[in-house]
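Results of the structural survey
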Amino acid sequence: MGIPRPLLLTTAVTAGALLLAPLPASAAPVREDAPRPHPVRESGPRESGPRVSAASGARTDPAATGRDTAALPDGRGYPRRTVLDTPPENPADKSVKLGLAPYHSLAPRLNALQKLGDRVSVEVAGRSAGGHELYLVTVTAPESARQAREQRQMRELIESAPAVAAKDRRIKSSYKTPVFINNNIHGNEWEGTDAALDLIEELAKAKDGATAGLLSSNRIYLNVTANPDGRIAGTRANSNGFDLNRDFITGSQPESRAVRRIAVAKQPAVMLDLHGYVNGTLIEPTTPPHGENYEYDLFLKNAYANALGMEKAVNGLGYTPEKDGVEPAVIPFRDQQEGWDDWPPIFTPQYMAFQGAVASHTVEFPMRVNNSSYDSLPVAELRRRSAINTDIAGAVMRATLEWTVRNRTSIVADQIETFRRGAAGEAQRPVSEETVPGVPGIGPEDVYTTDFPRAYVIPAGAGQRSATAAARLVDHLVANDVRVRRASTGFRLAGTWYPAGSYVVDMHQAKRGLANVILDAGRDISADVSTMYDISGWSLGLLWGASVDKVQRLGGGSAALAQVRGRTVEAAPPAGSVSPRGDLRLALDDPRELAAVNSLLAQGVRVQRAADGAAIVPSSARQRAAVLADRHGVAFTATKEKGTGALHRARVAAAVTPGELFALREMGFDVVPVSTATLNAGFDWSAVDVLYVSTGLRYEALDAAARTALDAFLGAEARGGSGARGGLVALGAGGAAFNAAAGLLPATAVAGNGDANGVVRVVNAGGTVTGGAPAHSFVYSPLWFTGLGAGVRVDQSYGTGNPLVSGHWRAKEDGTGAPRDAAGRASVVSGTSAAGARVTLFGTEPLFRDHPKGLFSQVGRALLAAAG
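Computed from a predicted structure; not experimentally measured.

The rules behind each value
- Residues numbered from 1 in each chain as written.
- Predicted model: local features only at pLDDT ≥ 70, side-chain atom pairs only at ≥ 80, totals over all residues.
- Heavy atoms only, no water.
- Salt bridge = Lys/Arg side-chain N within 4 Å of Asp/Glu carboxyl O.
- Helix = DSSP H or I, 4+ residues; strand = E, 2+ residues; numbered from the N terminus.
- Buried < 20%, exposed > 50% of the residue type's maximum accessible area, 1.4 Å probe, protein only.
- Pairing = 2+ DSSP bridges.
- Axes fitted to C-alpha atoms, helices over the stretch in contact; angles between N-to-C directions.
- Contact = heavy atoms within 4.5 Å.
- Phe/Tyr/Trp six-rings, centres within 6.5 Å; stacked < 30°, edge-to-face > 60°.
- Lys NZ or Arg CZ within 6 Å of the ring centre and 35° of its normal.
- Polar contact = N/O pair within 3.5 Å; in protein donor to acceptor, adjacent residues only side chain to side chain.
- Expected span 1.5 Å × (residues − 1).
- Parallel < 35°, antiparallel > 145°, perpendicular 65-115°, else oblique.
- Left-handed = near helix turned anticlockwise from the far one by under 90°.
- Nonpolar A, V, L, I, M, F, W, Y, C, P; charged D, E, K, R; others polar.
- pLDDT = per-residue confidence, 0-100.

Remarks on the pattern of salt bridges
Under the definition given, this model contains 49 salt bridges. A salt bridge links D481 to K511; its shortest N-O distance comes to 2.6 Å. Taken as a pair, D481 in the loop between helix 16 (467–479) and strand 11 (485–487) and K511 in the loop between strand 14 (503–506) and helix 17 (512–519) lie far apart in primary sequence, 30 residues in all. Given the relative accessible area of 17%, D481 is considered buried.

What follows is the structure in structure tokens.
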């Protein structure tokens, strides 16, 4: 695609004497594995990760109800000393073997660093999924409470009135540039934490004028370890099994929400995210495609310039391939064509760009010490490699600080300009050699822009699919610092009448890019590049269950929006309600509604199933329903319907990804994780009602005893009029293979391109599984079903034509597996096996990474149906 990028030798700016770079580690040379030409998905088509224990899972947390009101305090001066509690010593911490700082050593060291002077402050930014504290360190020159208030006022002015801020002399002379360094978000990529500790100590002790100047004009924020669970366990993921660097823009995990709060509260202009392991050291900016909602001309200008300085610092450490196994640093924008893109907002640096960072970078250390290397290499070699990685991490941190000091005025001006364009509703500037002078190799393949709409409306009342979903989406927008107004009276916009209570997102706002990332349908980029690093479509506007109207143009211009009476939303008002009389209907179109009905069933309430799959709750349970309406924000409406049969608790045995497990527990299901090994070890099927399979369970790998027990559960041995004892919900290629091997539902699974992913149009048949489902779904390695046997019901089909709305879905090399091949084909099917087991098969990904909230209910309904 496009013009190949030239390999250029570019002269970087001369590094100053701000900080002394540590000397390289000395050791016998050992060559690292040859670098990959470009990265690939770490886990193949299906996500994988450490399974969460049966006793763990979704924790009580603000995000469980959609609220995230915690804020980092900003009303005090600096230093802000916090005496941290010291965790118990843990000899099993995986950092120890590498000669790195175990988690339990961080609090004592940070307590000591705060005592070195008046430059170092520590705050607890939150807790991990496993309950470990997240330490945010601020290094800056002392500030009185008044000076800190002035800094906050200037920061707020930059976002709320950027045109004014651009002319404010105080900001030009006195505003401290916020720099954010995020470390160890992947738990088994350790060394950023240790480099950060070394940097903090150097800055605390330094007596030179350059360091004093740095700290008088900057605030340096360091998230010491973003993933303490993974650091301790030596895993990429946190204790919930989530890759946290895939959780922005979903924010399902407490660690990623803590980083989000830091972003909103501190508004970093420059950001580093420290990772491993790519040899040579990989330093972003990235290859195409570039996120279409960025002010990419401003971003590329700064990110490339800082990358050059980091590259020079890394290569200047003196490591060589021959002596140390360390290859020269790589800048993907300059050195690669595709495969390491910044398209999705799920990665920390890409998310930070939407919060105002004009230079944000993933940096990948070169020397692998995790996974098989951790287990197979001698301790001495692992420590040699870790020392090199720590050295390199320190070099990129220092180079970034030096670049920030030299360019403070233009960095702050460019952050202001980013926000000013949004507030003014100006068009983006496509990147070119003219708009971004000094950056080589810019071509048409780098141009990605969008036509921002004038507004979005989330309607209230009859125009809204789900008040529960609308409230969740609004709270999520607000938590991400998108400004939302709630209308106090009805209004007309672009020819459509909206009732009072509707929400309006005026796209003339500083963070319009983030608003559009969340609410827009997205774009089909299949033709633009041949490969993507991760997902390519994610629309919360289409996948979170709320109705969202895009207002591209306004008759009357901004005056039409100005006439909408209302106020800025700090949190959506409660959406829960209970009809005062009669039996009650609960739609079961939302995960919170599934959580409510599961709670009722657990309490022994006799709930009936409606013909369309909703729940009918007897009037005698009204008081219990009222508690759940308040807790989950769901609506119990009056009904005269009579049920078609009883709903029963679905106790689930699940062979699934961590994201699916988390989503199942979010819906209130009682889940026991299982696998091939679990079943072969002997499993008590009497404790569960339904089996859910997507990965990790192969029917043909079960031993004879396990297979006999499973067949009995699924009804192969349960005849004589009693019917099946359990049912099956199966998802993706792993689920379809299990169904076929077990000889259950007669349906042939056809695989699309395994790299395909995105938002697709679907047609729902309604009824038990897809009643109330949205007209869009999400796919990741999509499947469809053909050869359907007698009695197999098509619950959902892919849309006709090209069903892909946004994402990346090409045909396979042999020309098959394209979207046109899926068009009109069954994406979700259900029926009863010959032995009597109730089975549902999904070719879509309704629970993917706990993200597409509006699709969860399809799986929840299928589980309730399979349980009888």
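A short note on the sheet that holds strand 14
The strand order across the open sheet built from five strands is 15-10-14-11-16, with neighbouring strands paired in antiparallel fashion. Strands with a single pairing partner mark the edges of an open sheet, and in this sheet they are strand 15 (549–551) and strand 16 (566–568). Adjacent strand axes in the sheet meet at a mean angle of 25° when their direction is disregarded. Note that strand 11 and strand 16 share three bridges and pair antiparallel. Within strand 16, the residue paired with R486 across the bridge is R567. Helix-sheet contacts for helix 16 involve strand 10 (455–458) and strand 14, and the interaxial angle to strand 10 is about 140°.

Thoughts on the packing of aromatic side chains
Applying the stated criterion across every chain yields a total of 19 aromatic pairs. Taking the centre distance of 5.8 Å and the plane angle of 85° together, the rings of Y699 and F738 count as edge-to-face. Highlighted residues: Y699 in the loop between strand 25 (690–693) and helix 24 (704–713) and F738 in helix 25 (residues 732–742), separated in sequence by 39 residues. Side by side, Y699 and F738 carry an identical accessibility label, which is buried. Among the aromatic side chains, those forming a connected cluster through ring pairs are Y294, Y296, F299 and F354. Here the guanidinium or amino end of R80 rests over the ring plane of Y78, the centre of that ring lying 4.0 Å away. Note that K97 overlies the ring of Y374, its terminal NZ or CZ placed 4.5 Å from the centroid.

Here we look at the sheet that holds strand 20 (residues 615–617)
Read across the open sheet, the six strands follow the order 17-21-18-20-19-22; overall the sheet is mixed. Unpaired on one side and paired on the other, strand 17 (577–578) and strand 22 (645–646) mark the two borders of the sheet. Pairing of strand 19 (residues 608–609) with strand 20, which is carried by two bridges, proceeds in the antiparallel orientation. Residue pairing across strands places Q608 opposite I616, the latter belonging to strand 20. Packing of helix 20 (residues 591–602) onto the sheet brings it into contact with strand 18 (583–586), strand 20 and strand 21 (635–639), and relative to strand 18 it is tilted by some 135°.

Quick word on the side chain of H808
Examined against the element boundaries, H808 turns out to sit in strand 32 (residues 804–808). With relative accessibility at 4%, the residue H808 sits in the buried group. Looking at H808, its side chain comes within polar contact range of the main-chain oxygen of V529, at 2.7 Å. Apart from the residues within four sequence positions on either side, H808 is in contact with I525, S526, V529, S530, T531, M532, S536, D755, A756 and N757.

Focus on helix 14 (residues 379–406)
With 28 residues, helix 14 extends 41 Å between its outermost C-alpha atoms, agreeing within 8% with the 40 Å of an ideal straight helix rising 1.5 Å per residue. Buried residues dominate helix 14, accounting for 22 of its 28 residues.

Quick look at unusual backbone geometry
Residue Y78 is joined to P79 through a cis peptide bond whose omega torsion reads 10°. On the secondary structure map, P79 appears in the segment before helix 1 (106–114). With a phi close to 50°, A494 is a non-glycine residue in the positive phi region. With a phi angle near 60°, D850 is a residue other than glycine that sits in the positive phi range. By relative accessible area, which is 1% here, D850 ends up buried.

A word on the packing of helix 20 against helix 21 (residues 622–632)
Relative to each other, helix 20 and helix 21 sit at 150°, their axes nearing to 10 Å. Relative to helix 21, the element helix 20 lies roughly antiparallel. Crossing of helix 20 over helix 21 shows right-handed handedness. Contacts between helix 20 and helix 21 involve R592, A595, A596, S599 and L600 on the former and, on the latter, R624, L628, R631 and H632. Counted by class, the contact of helix 20 with helix 21 contains four nonpolar, two polar and three charged residues.

Considerations on the pairing of strand 14
Pairing between strand 10 and strand 14: four bridges, direction antiparallel. Directly across from I458, in strand 14, lies its bridge partner Y503. Across two bridges, the pairing between strand 11 and strand 14 is antiparallel. Among the inter-strand pairings, R485 is bridged to a residue of strand 14, identified as V504.

Remarks on helix 28 (residues 856–866)
Burial of helix 28 is extensive: eleven of the eleven residues sit out of reach of the surface. Of the residues flanking the end of helix 28, it is G868, one or two places downstream, whose phi is positive at about 100°.

Things to note about the confidence of the model for the protein
Overall, the prediction assigns the protein a mean pLDDT of 91, with 90% of residues at 70 or greater. Considering only residues more than four positions removed or in separate chains, one finds that residues 717–724, a stretch of pLDDT under 50, has 13 contacts.

Some words on the side chain of R454
Topologically, R454 is positioned in the loop between helix 15 (408–424) and strand 10. Residue classification places R454 among the buried residues on the basis of a relative accessible area of 10%. Discounting chain neighbours no more than four positions away, the residues touching R454 are V505, D506, M507, H508, V551, Q552, L554, S558 and L561.

Looking at the environment of G715
You can see G715 is positioned in the loop between helix 24 and strand 26 (727–731). The exposure class assigned to G715 is buried, which follows from its relative accessible area of 0%. In this structure the C-alpha to C-alpha distance between G715 and S360, which are 355 residues apart in sequence, comes to 56 Å.

Quick notes on the pairing of strand 3 (residues 177–183)
Here strand 3 lies mainly inside the structure; seven of its seven residues are buried. On strand 3, burial covers both faces: T177, V179, I181 and N183 on one face and P178, F180 and N182 on the other are all buried. Where strand 3 lies against strand 4 (residues 218–223), six bridges are found, and the strand directions are parallel. The partner of N182 across the bridge, within strand 4, is N223. Two strands pair when backbone bridges link them, and strand 3 and strand 5 (residues 270–276) are joined in this way by five bridges, in the parallel orientation. What sits directly across from I181, in strand 5, is L272.

Re the packing of helix 20 against helix 28
Two elements in contact, helix 20 and helix 28, have axes separated by 8 Å at closest approach and are oriented at 25°. Accordingly, the angle class assigned to the pair helix 20 and helix 28 is roughly parallel. Judged by residue contacts, P591, L594, V597, N598 and L601 of helix 20 engage F856, S857, G860, R861 and L864 from helix 28. For the contact of helix 20 with helix 28, the per-class residue count stands at six nonpolar, three polar and one charged.

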